[in-house]
Amino acid sequence: MSQVFRRNHLRVVSSSLLDTASLAFYTRFKKFKRRDHQCRAFVKRVVTSRLFQIIMISTVSLNAFFMVLWTSYKVRYQLFRVLEISEVIFVSIYASEFSMKVYVDPIDYWKDGYNLLDVVIIIIIFIPHLLRKIKDKHYPYFNIADGIQSLRILKFITYSRGIRTLITAVGQTVYTVASVLTLFFVLMYIFAILGFCLFGASEKGDLNNWGNLAVAFFTLFSLATVDGWTNLQQQLDNRNFVLSRAFTITFILIASFIFLSMFVGVMIMHTEDSIKKFERELMLERHVTLMEEKQVILKRQQEEVSRLMRKQKSVDYKSFSELVENFKKTLRHTDPMVLDDFGTSLPFIDIYLSTLDNQDTTVTKLQGLYYEIVHVLSLMLEDLPQKSQSSQRSHDE
């Protein structure tokens, strides 16, 4: 009893020491401040840039193309050296990408599932090289290690928002699909035992398709997919089973037209929801980008007004309108009219009112032109009957 108490006491003490050490390490690491802010910001801009994404997508595509060439023994023999050099280049690019992303954010990097997928792919890439270093060249599982290299193409997922949206939709349907598949398994279990009792237990039974529960499950799967069900039914008809057609039709109606349609419907519903969510995110990103551009323009205009106001104190302007005219020269034709947080300054109010005056003047001139056009058209319409009468008289003469 005392030995058990001592062991438990040692376990408690060791666990408490481990927790204390881990807490102290986390606290010290949290207080650690990086001093490479400029380099980190530069690497982050590179990793998140559009050019870097294009380079990585091109690399993955080229790697997939070289793997297709590798499957041909003749091409592999002729381009052996090229394939080896390209493999070194691809592995170097993938490792560099991993190092840059970890350098930018060494903690939050591991919280993203797609980053973990990249880590798994990198581990898979290094498996054949490690096996060639550790094992003999005739190691029997080399083909498996080479075959799983096709998973490299999954790196497309990291750089494709559309594919990530579909994966999210599939992930949201896991619970519902699992419930549908569980109910479908229960249905197949019932019909498998029923089919074994009806068509496989008797002396004249179809042992190849209904001889045991495992074979009956496989036969029901063929019926559910409506693949070769007529041949299966023909074998039952040859043995003169009375309830065979009713059994087959009932199972196909329930399994194929209800459960499989339900499965497809659930997938479509969640996919549409994910696509709508993706579109909302794109609209929100556009709005955020527009607001950032607006803030940049607003800040530039405010700085320009402040500069002119300071200049007015040092240089004696003749009038306030001269200051406003100088500010107008700093505006660009692509600048939108920013009303928020800027309408309280006097130069802006004067510019805005002058813009409204110009608009009123333009509208007045357009109205005058409209009235003149209408007047000319009315005169032309009045002259038309006289011209027609004169032409008719000349024709009669």
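Our structure's up above, just so we're on the same page.
Below: a short report on this structure.

Conventions adopted
- Residues numbered from 1 in each chain as written.
- Predicted model: local features only at pLDDT ≥ 70, side-chain atom pairs only at ≥ 80, totals over all residues.
- Heavy atoms only, no water.
- Helix = DSSP H or I, 4+ residues; strand = E, 2+ residues; numbered from the N terminus.
- Buried < 20%, exposed > 50% of the residue type's maximum accessible area, 1.4 Å probe, protein only.
- Contact = heavy atoms within 4.5 Å.
- Areas by Shrake-Rupley, 256 points an atom, 1.4 Å probe, with all protein chains shown as cover.
- Core = buried A, V, L, I, M, F, W, Y, C linked by side-chain atoms within 4.5 Å.
- Salt bridge = Lys/Arg side-chain N within 4 Å of Asp/Glu carboxyl O.
- Axes fitted to C-alpha atoms, helices over the stretch in contact; angles between N-to-C directions.
- Parallel < 35°, antiparallel > 145°, perpendicular 65-115°, else oblique.
- Left-handed = near helix turned anticlockwise from the far one by under 90°.
- Nonpolar A, V, L, I, M, F, W, Y, C, P; charged D, E, K, R; others polar.
- Phe/Tyr/Trp six-rings, centres within 6.5 Å; stacked < 30°, edge-to-face > 60°.

**Regarding the overall build of the protein**
Okay, so step 1: Secondary structure summary: the protein contains 15 helices and 0 strands in total.
Okay, so step 2: Counting all 397 residues of the protein, 24% fall into the buried class.
Okay, so step 3: Of all intrachain contacts in the protein linking residues separated by at least 6 positions in sequence, the fraction that spans at least 24 positions is 66%.
Okay, so step 4: Accessible surface for the protein amounts to roughly 29200 Å². Of this, 65% is attributable to carbon and sulfur atoms.

**Quick look at the nonpolar core**
Okay, so step 1: The biggest cluster of nonpolar side chains holds 21 residues, and the ones touching the most others in it are Phe-184, Leu-187, Trp-210, Leu-220, Leu-223 and Phe-251.
Okay, so step 2: The leading source of residues in this core is helix H9 (residues 174–200), at 7 residues.
Okay, so step 3: Contacts of Phe-251, omitting those with residues within four sequence positions, involve Leu-187, Met-188, Phe-191, Leu-220, Leu-223, Ala-224 and Ser-256.
Okay, so step 4: In this structure, Phe-66, Leu-83, Tyr-94 and Val-104 belong to the second largest nonpolar core, which totals 14 residues.

**Focus: the pattern of salt bridges**
Okay, so step 1: Taken as a whole and judged by the stated rule, the model has 7 salt bridges.
Okay, so step 2: For Glu-97, the salt bridge is made with Lys-101, and the minimal N-O distance between the two is 3.1 Å. You can see Glu-97 and its partner Lys-101 sitting in helix H5 (residues 80–104), 4 residues apart, about one turn around the helix.
Okay, so step 3: Given the relative accessible area of 3%, Glu-97 is considered buried.
Okay, so step 4: The shortest N-O distance in the salt bridge between Lys-155 and Asp-118 comes to 3.5 Å. Of the two residues, Lys-155 sits in the loop between helix H7 (142–147) and helix H8 (161–172) while Asp-118 sits in helix H6 (residues 113–134), which places them 37 residues apart along the sequence. Each member of the pair, Lys-155 as well as Asp-118, carries the same accessibility label: buried.
Okay, so step 5: Among the charged side chains, a salt-bridge network with shared partners connects Glu-97, Lys-101, Asp-118 and Lys-155.

**Considerations on the packing of H9 against helix H11 (residues 213–224)**
Okay, so step 1: Running from amino to carboxyl end, H9 crosses H11 at an angle of 120 degrees, the nearest separation of the two axes being 9 Å. Viewed along their axes, H9 and H11 adopt a mutual orientation that is oblique. The handedness of the crossing between H9 and H11 comes out as right-handed. Within the contact between the two elements, H9 uses Phe-184, Phe-185, Met-188, Tyr-189, Phe-191, Ala-192 and Ile-193 and H11 uses Leu-213, Ala-216, Phe-217, Leu-220, Phe-221 and Ala-224.
Okay, so step 2: Of the residues contributing to the contact of H9 with H11, the split by class is 13 nonpolar, no polar and no charged.

**Focus: the packing of aromatic side chains**
Okay, so step 1: Taken as a whole, this structure holds 13 aromatic pairs when the rule is applied.
Okay, so step 2: Centroid distance Tyr-109 to Trp-110: 5.3 Å. Interplanar angle 90 degrees. Geometry classified as edge-to-face.
Okay, so step 3: Its relative accessible area of 4% is what places Tyr-109 among the buried residues.
Okay, so step 4: The partly exposed category is assigned to Trp-110, whose relative accessible area is 39%.
Okay, so step 5: Linked through ring pairs, Phe-191, Phe-199, Trp-210, Phe-241, Phe-247 and Phe-251 together constitute an aromatic cluster.

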